[in-house]
Amino acid sequence: MSRVTATTTSKPSGLLPRPILPERHEFLLPATIGGVPVSFKCPALRYPVSQRGITLILNHGLTGHKELYHPAIIRLLSHQDSATYDLREIWTMDLPNHGEAALLNRRLLDDHKQEGARKGSGGVCTVMDFAVYLNAFLTLPRFRGHDMIGFGHSGGCAVWVQTLTKFAHAYPNALILSEPTLMFPGMSPDDPRSLHGAANVRGARVKRDTWSSRTEFKKWVTKSGRSIWARWDPRVFDIFVEHGLEEVTVEGKGTHITPRLRKEEESFLYACSEHTVEPSQFASMCKAFNGPGKRGVHVVWAEYEEFISKNAKMDILDAAEHRIATQRTIMGSGHLIPQLKPDALGDTMHELLGSIGSGTRSLL
């Protein structure tokens, strides 16, 4: 059972400029934590564009949040006057322990973590839990009859694959995967995906995660220069500072700033097992997107091979049985395309929608 619990037409923060003001919606979605049934609050942003055409659904990668796509969406929408396709609306949503959703679901998340600690395992969200949650979002009654296209980045791609192969519902009409960190059984431990995944598991557990204020956090990032945040587009970074961090009060110790996604939850999600799917599973999904009325799976790669080497790309394409409809590369970008090159991503989404939705613009 899902319901809209709140809707506003005001901008969610001072960092989302006029004249494009996304609506904030909130849904209560049936989901799971470690396979245990729960109901999560799901905050989402809707960018209304027109009365017909494509409904674009974007989910973020690990450590992301729904607002980080705003600069890319603004760029995409800047092309609408020359578009060869109709765009009805764009949606972005938080995974249940990320961004604003983490604030709304904190008590539930913490209760399950405490129970998992008591039992010695479990209690944190898995990629399969995210798949249950995304499936509930995609099957909301409001999307019935929509020309839906999905978009996922990095670890969010595994969420799409699990969602679209584990649950019996109509596929979107096309799917765009940006830097998919998909892994397969038997993958070499020397594969960059394995190496980076293991490094991230360790790194997330020990990295600094408290600062006295958002101002101190920004100064620390600027001064260190080594933080991954230092490379981000300034617009995306400023949005992260507002929407990816929260102020926490500890009795007797005052307040501090920390990421909304807790590091013990983040670390778990980097495990290779969380991104591993069967090759046949991925191939069947790609085959379904090549069926009647469908418009394929499209992949966007980064120029710099930080997570995904040439061999890893071939591994992914082989698993898809070479049923990927198109491939594009974002020049000058590393793995975190939405954070590093939002304008280039917006341009690429426009090109893809022009190809995927070519001829769908109404002549009326």
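Residues numbered from 1 in each chain as written. Predicted model: local features only at pLDDT ≥ 70, side-chain atom pairs only at ≥ 80, totals over all residues. Heavy atoms only, no water.

Some details on the overall build of the protein chain
For the protein chain, the helix and strand inventory stands at 13 helices and 11 strands. Its C-alpha atoms give the protein chain principal-axis dimensions of about 65 × 50 × 45 Å. In the protein chain, which comprises 364 residues, the proportion classed as buried is 54%. Carbon and sulfur atoms form 52% of the exposed surface of the protein chain, whose accessible area is close to 15500 Å². Of note, the protein chain has its 43 positive side-chain charges centred 3 Å away from the centre of its 38 negative side-chain charges. (Helix = DSSP H or I, 4+ residues; strand = E, 2+ residues; numbered from the N terminus. Buried < 20%, exposed > 50% of the residue type's maximum accessible area, 1.4 Å probe, protein only. Areas by Shrake-Rupley, 256 points an atom, 1.4 Å probe, with all protein chains shown as cover. Lys, Arg positive; Asp, Glu negative; His and termini not counted. Charge placed at Lys NZ, Arg CZ, Asp CG, Glu CD.)

Describing the side chain of Thr 258
Residue position: Thr 258 is located in strand E9 (residues 254-259). Ignoring sequence-local partners within four residues, the contact set of Thr 258 consists of Asp 209, Thr 210, Gly 244, Leu 245, Glu 246 and Val 248. (Contact = heavy atoms within 4.5 Å.)

Points about the pairing of strand E10 (residues 297-302)
For E10, the tally of buried residues reaches six of six residues, placing the bulk of the element in the interior. Pairing of strand E7 (residues 174-178) with E10 involves four bridges; the strand directions are parallel. Across the sheet, the residue bridging to Leu 177 is Val 299, located in E10. Two strands pair when backbone bridges link them, and E10 and strand E11 (residues 324-330) are joined in this way by six bridges, in the parallel orientation. Note on E11: the bridge partner recorded for Ala 302 is Ile 330. One crossover worth recording links E10 to the parallel E11 by way of helix H11 (residues 310-319), and it is right-handed. (Pairing = 2+ DSSP bridges. Right-handed = clockwise from strand over helix to strand, strands pointing away.)

Section: the nonpolar core
In terms of nonpolar packing, the biggest core is built from 56 residues, with Tyr 133, Phe 137, Phe 282 and Met 285 touching the most fellow members. In this structure, Tyr 133 is in contact with Leu 29, Ala 31, Phe 40, Lys 41, Cys 42, Pro 43, Met 93, Asp 94, Leu 95, Pro 96 and Ala 101, ignoring residues within four places of it in sequence. Counting 41 residues, the second largest nonpolar core, distinct from the first, contains Tyr 47, Ile 73, Leu 76 and Trp 232. (Core = buried A, V, L, I, M, F, W, Y, C linked by side-chain atoms within 4.5 Å.)

Points about the pattern of salt bridges
What the rule picks out here adds up to 30 salt bridges. One salt bridge in this structure joins Glu 306 and Arg 231, with 3.0 Å as the shortest N-O distance. Residue Glu 306 is found in the loop between E10 and H11, and its partner Arg 231 is found in the loop between helix H7 (214-224) and helix H8 (234-243); the two are separated by 75 residues along the sequence. Residue class for Arg 231 comes out partly exposed when judged on its relative accessible area of 44%. Because the salt bridges share partners, they merge into one network encompassing Arg 24, Glu 26, Lys 66, Glu 67, Asp 94 and Glu 100. (Salt bridge = Lys/Arg side-chain N within 4 Å of Asp/Glu carboxyl O.)

A short note on the environment of Leu 195
Mapped onto the elements of the fold, Leu 195 is located in helix H6 (residues 192-206). In the structure, Leu 195 is positioned 77 residues away from Cys 272 in sequence and 9.4 Å away in space, judged by C-alpha atoms. Here Leu 195 is in contact with Pro 189 and Asp 190, once residues within four sequence places are set aside.

Overview of the packing of H7 against H8
At their nearest, the axes of H7 and H8 sit 10 Å apart, and the two run at 145° to each other. Helix-helix and strand crossings are classified by hand; for H7 and H8 the assignment is right-handed. Along its contact with H7, which presents Arg 214, Phe 217, Lys 218 and Val 221, the element H8 presents Phe 237, Asp 238, Phe 240, Val 241 and Glu 242. The residue makeup of the contact of H7 with H8, split by class, is five nonpolar, no polar and four charged. (Axes fitted to C-alpha atoms, helices over the stretch in contact; angles between N-to-C directions. Left-handed = near helix turned anticlockwise from the far one by under 90°. Nonpolar A, V, L, I, M, F, W, Y, C, P; charged D, E, K, R; others polar.)

What to know about unusual backbone geometry
One non-glycine residue, Ser 154, adopts positive backbone phi at about 55°. Among the structural elements, Ser 154 can be located in the loop between strand E6 (147-153) and helix H5 (155-166). Judged by relative accessible area, which is 13%, Ser 154 ranks as buried. Residues other than glycine seldom take positive phi values, yet Glu 321 does so here, at roughly 55°. Within the element layout of this structure, Glu 321 appears in the loop between H11 and E11.

Digging into the confidence of the model for the protein chain
If pLDDT is low for a region, its predicted coordinates should not be looked at in detail. Summarising the model, the protein chain shows a mean pLDDT of 90, and 93% of its residues fall at 70 or more. Low pLDDT, under 50, characterises residues 1-18; the predicted model gives this stretch 43 contacts beyond four residues in sequence or across chains. (pLDDT = per-residue confidence, 0-100.)

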